[in-house]
Amino acid sequence: MEFRDLTYDLSAADELLDQCIQAEQLAASPESAQAVVDCWLALEAAYDDWDTQCAICGVRYYQDFKAYEADYLASRSLSLQVYRACLMAVQALLASDYGTELAQAMGQELADSYRSAAVPTDRQIALSEEDNEQVADYWAALYGDYTYFYQGESWTLARLEDEADGLDAAAYLAIYSGLAQAKNQSAGATLLEMIPLRNQMAAACGYDTFPEYAYAETYGRDYTVADAQALHRLVKDYIVPVETAYLSYRYYDLDQTGLDRYAHADQEAKLDAVEPCMDQVSGELGELFRYMRKSHLCDIEASDTKLDVGFTVNLPSYHSAFLFDQPQGTYYDLKTVIHEFGHFSAFCLAPSDDFPVDVAEIHSQGLEMLFLPYAGELFGADGGTFACAQLSDLISAVVEGCLYDEFQIYLYSHPDLTLSEINQAFLELAQEYGYSPYPGLEYQWVDVSHTFESPLYYLSYATSALSALDLFLRSQEDYDAAVDTYLDLIAGSDGSGYRATVQAAGLSDVFQEESVAALAGALNEYLYTALYGLRDLAGHWALPEIGPLVSAGIMEGSGGAFQPDAPMSRAMLVTTLYRLVGEPKPTVKQPVFPDVPVWTWYSDAVAWAYESGLAEGTGGGFDPNGPLTRESMAVLLCRFSALLELDASGGSLSGFPDADSVSPWAADAVGWAVKAGVIRGADGRLNPSGGTSRAEAAAMLYRFLTLEG
């Protein structure tokens, strides 16, 4: 079978509808149990054939949406009618005199699902058809020709892309924001019509809200909207900080130009790059990859007529699939091939194509994670950069999945919002998920086609990404076992729900706080030990405090180590504080202390500290390499707090048995540090003259930087 030779014929719907009528006639007066079973089998085969015809039509539409729009909309409309007729026919066969024998032949679980399925009404079908038309309107709006006038010149998206390098940042953002707003106005108007329509669809099926309807009926989830809302909170608390740290490392510490290796590669070059690695992940997957290529079951070539999406569609008549992508000219194109082939594999290897979408996304994202050991083979010396990009993308999928799910739940819960209010709601929610505001951010949600075409789907990227990250972390301990887990998960992908399938595979329940917290902790440790190379932080108690400081460039390691247990010196601390204020050039004449030569790495920091009144020196010098006591660090942080015009007032030390051992010159500062929570004591004691390790200093500094108010 070669896909390029396949055609579709929408008149097949008429034949299938006639077949359904004949099945109902047979059910009214069945000849034998075998006749009933044979009739059902023929219906199943005909329905698979119709599904395949619709899939072929859909691929043609995404390859050239203007040329195939009419056929595509017709196929979607006919599918609703075909589904209803087939369901009614099978239910009639199950209610016939030989229904018991038919249920035994198809399996009791499948028979029960047929019996309990609600037959769509004329009203429901009409609403679905209207919804399909609005989705087509959205695609037309997304690819509309928009113009924005800036300083007397007319700009389009195409011109902005071509001439971006010649614009300063302010001009680029102004033009981008203006064009984004124009597109937002057009596409957003379609959404304003979709929201009440979809709420009507939910009500017609007996649901109070559209999100509840979509979760249960469209995506077959075995968790509720309330479960998802709890996950939103967990992701904000635990995963958003991890994403920030990974993105900081990726964009500030890595040169990403090497990721453009396949920017101009054609389809065959990309497939040639992926194939040998697929063999190393699994011989079975490698063989399937070659079958896909030989049968031309993919299209990843760039085309001006394609819609800007990537997907894999099931071809049930052939127990196969088709992989589609419109390449972007970035490393993401190779990532998409790997991702979508995970879907392709599942359609070919899973026992059923009835698996829920959350499981389907583990098929794809899990394969991405299993490819990380071969990043060097794909990108050479830039393999580490690709691996980091893959990981940060997957962590971002968790964050974005929850962001868009929470956003869409909000939309359908507030159906009277204006477009301006929707844009403002997205902007505020995006900031809760760690996005920094920039011109045009409030408009960009319209570029996520799922909001229009498959609302409430996006959470599947988050749940599955958490499971895929769990698989990745397990692969660090035993790669072969992780591959076996992945293949077993595909082999066990059936009609069971996401949570049930994940539990059967032995992966964590991502709706439990302890699971999300553990994943976040392990990902943080991987970032600082494997990517930053600070391997002496593995399992260290202060990693949650040290990590953010390293990511922000406030503290640094050296020679592949952070040396958390080494003493923190006075020079190290003032240099750290100097970085926090942007390293302003000191105006005081140097050297300010005889033991701080002008050529040292800390001379400017010490001069700034002296000039700012932060450091007065000791015994005629600064003693830069002297160990920092806990009370000395409290004094420096208290003065720094005052320098920033924050509260630096003291507090009581009466709760500590060694309060009298605090030096008089440090008492107020230590009192401030205790009141602010910067110093918490050790074993109930202050130990003011004790030394401060780099880890302890990091913990105190982190607490200072995260003070309320």
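This text follows the structure it describes.
Residues numbered from 1 in each chain as written. Predicted model: local features only at pLDDT ≥ 70, side-chain atom pairs only at ≥ 80, totals over all residues. Heavy atoms only, no water.

**So, a negative patch on the surface**
Then, in step 1: Among the surface-exposed residues, Asp9, Asp14, Glu15, Asp18, Asp48, Asp49, Asp51, Asp353 and Asp354 lie close enough to one another that they form a single negatively charged patch.
Then, in step 2: For the negative patch, the secondary-structure elements that each account for two or more residues are α1 (12-28) and α2 (33-63).
Then, in step 3: The residue Asp51 is located in helix α2 in this model. (Patch = residues over 30% accessible without salt bridge, like charges linked within 9 Å, V, L, I, M, F, W, Y side chains within 5 Å. Areas by Shrake-Rupley, 256 points an atom, 1.4 Å probe, with all protein chains shown as cover. Salt bridge = Lys/Arg side-chain N within 4 Å of Asp/Glu carboxyl O. Lys, Arg positive; Asp, Glu negative; His and termini not counted. Charge placed at Lys NZ, Arg CZ, Asp CG, Glu CD. Helix = DSSP H or I, 4+ residues; strand = E, 2+ residues; numbered from the N terminus.)

**Quick notes on the pairing of strand β4 (residues 310-315)**
Along any regular strand, the residues point their side chains to alternate faces of the sheet.
Then, in step 1: Burial of β4 is extensive: five of the six residues sit out of reach of the surface.
Then, in step 2: In the sheet, β4 pairs with strand β5 (residues 320-325) via six bridges, with the strands oriented antiparallel. By the bridge assignment, Val313 is partnered in β5 with Phe322.
Then, in step 3: Hairpin connection between β4 and β5: a loop of four residues separates the two successive antiparallel strands, and His319 in this loop has a positive phi of roughly 50 degrees. (Buried < 20%, exposed > 50% of the residue type's maximum accessible area, 1.4 Å probe, protein only. Pairing = 2+ DSSP bridges.)

**Focus on helix α20 (residues 479-491)**
Then, in step 1: Taking 1.5 Å of rise per residue, 13 residues should cover 18 Å, and α20 covers 18 Å from first to last C-alpha, within 8% of that figure.
Then, in step 2: All of the buried residues in α20 are Tyr479, Ala482, Val483, Tyr486, Leu487, Leu489 and Ile490. Angularly, the buried residues of α20 cover 155 degrees about the axis, an arc narrow enough to put them on a single face. Opposite the packed face of α20, turned more than 90 degrees from it, sit the exposed residues Asp480 and Asp488.
Then, in step 3: Those residues of α20 that are buried are in contact with α11 (267-281), α12 (283-294), α13 (332-349), α14 (357-370), α19 (459-477) and α21 (498-505). (Expected span 1.5 Å × (residues − 1). Arc of directions from axis to C-beta. Contact = heavy atoms within 4.5 Å.)

**Looking at the pattern of salt bridges**
Then, in step 1: Enumeration over the complete set of coordinates arrives at 25 salt bridges.
Then, in step 2: Between Lys585 and Asp604 there is a salt bridge whose closest N-O contact spans 3.1 Å. With Lys585 in the loop between α24 (570-580) and α25 (603-611) and Asp604 in helix α25, this residue pair connects regions lying 19 residues apart in the sequence.
Then, in step 3: Residue class for Asp604 comes out partly exposed when judged on its relative accessible area of 22%.
Then, in step 4: Within the structure, one salt-bridge network assembled from shared partners comprises Glu268, Asp272, Glu275, Asp279, Glu287, Arg290 and Arg293.

**What to know about the sheet that holds β4**
Then, in step 1: Taken together, three strands build an open sheet; the order of strands is β3-β5-β4 and the sheet is mixed. Where the open sheet ends on each side, the last strands, each with one partner, are β3 (298-299) and β4.
Then, in step 2: As paired elements, β3 and β5 share two bridges and run parallel to each other. By the bridge assignment, Asp299 is partnered in β5 with Phe324.

**Notes on the packing of aromatic side chains**
To describe a pair of aromatic rings, you give the distance between the ring centres and the angle between the ring planes.
Then, in step 1: As enumerated under the stated definition, the model contains 47 aromatic pairs in all.
Then, in step 2: Judged by centre distance (5.7 Å) and plane angle (45 degrees), the rings of Phe210 and Tyr213 are tilted. Of this pair, Phe210 and Tyr213 are both found in helix α9 (residues 210-218), three residues apart, which corresponds to roughly one turn of the helix. Assigned by exposure class, Phe210 and Tyr213 land together as buried.
Then, in step 3: Note that Arg221 overlies the ring of Tyr215, its terminal NZ or CZ placed 4.6 Å from the centroid.
Then, in step 4: Sitting over the ring of Phe562, Arg694 keeps its end group 4.3 Å from the ring centre. (Phe/Tyr/Trp six-rings, centres within 6.5 Å; stacked < 30°, edge-to-face > 60°. Lys NZ or Arg CZ within 6 Å of the ring centre and 35° of its normal.)

**Comments concerning the layout of surface pockets**
Then, in step 1: Estimates place the volume of the second largest pocket at around 480 Å³.
Then, in step 2: Looking at the second largest pocket, it is lined by 21 residues, and the ones nearest its centre are Pro241, Val242, Asn524, Pro544 and Pro548.
Then, in step 3: Within the residue set of the lining of the second largest pocket, elements represented by two or more residues are α10 (225-253), α22 (513-531) and α23 (543-551).
Then, in step 4: Looking at which element gives the most residues to the lining of the second largest pocket, the answer is α10, with seven residues.
Then, in step 5: Taken together, the residues of the lining of the second largest pocket sort by class into 12 nonpolar, seven polar and two charged. (1 Å grid on protein atoms, 1.4 Å probe; cavity = no way out; pocket = protein on both sides within 12 Å on 5 of 7 lines; lining within 4 Å. Points joined across faces, edges and corners; volume = space filled by probe spheres on them. Nonpolar A, V, L, I, M, F, W, Y, C, P; charged D, E, K, R; others polar.)

**With respect to unusual backbone geometry**
Then, in step 1: Here the bond from Gln590 into Pro591 is cis, since omega is 0 degrees, no more than 30 degrees from zero.
Then, in step 2: Take Pro591: it is sitting in the loop between α24 and α25.
Then, in step 3: Phi at His296 takes a positive value of approximately 55 degrees, unusual for a residue other than glycine.
Then, in step 4: Looking at where His296 falls in the secondary structure, it is placed in the loop between α12 and β3.

**Considering the environment of Gln326**
Then, in step 1: Along the chain, the position of Gln326 falls in the loop between β5 and α13.
Then, in step 2: Sequence-wise, Gln326 and Asp48 are 278 residues apart; in three dimensions their C-alpha atoms are separated by 27 Å.
Then, in step 3: Contacts of Gln326, omitting those with residues within four sequence positions, involve Glu301, Ala302, Ser303, Lys306, Leu307, Asp308 and Val309.

**What about α11?**
Then, in step 1: Taking 1.5 Å of rise per residue, 15 residues should cover 21 Å, and α11 covers 21 Å from first to last C-alpha, within 8% of that figure.
Then, in step 2: Along its length, α11 shows its largest kink, about 25 degrees, at Glu275, and proline Pro276 lies within four residues downstream of that point.
Then, in step 3: Every buried residue belonging to α11 is among Gln267, Lys270, Leu271, Ala273, Val274, Glu275, Cys277, Met278 and Val281, and all of these are buried.
Then, in step 4: If you follow the buried residues of α11, they end up packed against α12, β3, α13, α14, α15 (375-379) and α20. (Bend = angle between axes of the 7 residues up to and from the residue.)

**Topic: the nonpolar core**
Then, in step 1: Formed by 247 residues in total, the largest nonpolar core has its most connected members in Leu93, Phe341, Leu378 and Trp445.
Then, in step 2: Other than its neighbours up to four places away in sequence, Trp445 contacts Asn184, Gly188, Leu191, Tyr404, Phe407, Leu419, Ile422, Asn423, Phe426, Thr451 and Phe452. (Core = buried A, V, L, I, M, F, W, Y, C linked by side-chain atoms within 4.5 Å.)

**Things to note about the packing of α23 against helix α28 (residues 694-705)**
Then, in step 1: Two elements in contact, α23 and α28, have axes whose closest approach is 8 Å; the angle formed by their N-to-C orientations is 70 degrees. With respect to their mutual orientation, α23 and α28 come out roughly perpendicular. Facing α23, whose interface residues are Pro544, Glu545, Ile546, Pro548 and Leu549, α28 presents Ala695, Ala698, Ala699, Leu701, Tyr702 and Leu705.
Then, in step 2: Class assignment of the residues belonging to the contact of α23 with α28 gives a composition of 10 nonpolar, no polar and one charged. (Axes fitted to C-alpha atoms, helices over the stretch in contact; angles between N-to-C directions. Parallel < 35°, antiparallel > 145°, perpendicular 65-115°, else oblique.)

Note that all results are geometric; they support no functional claim without further evidence.
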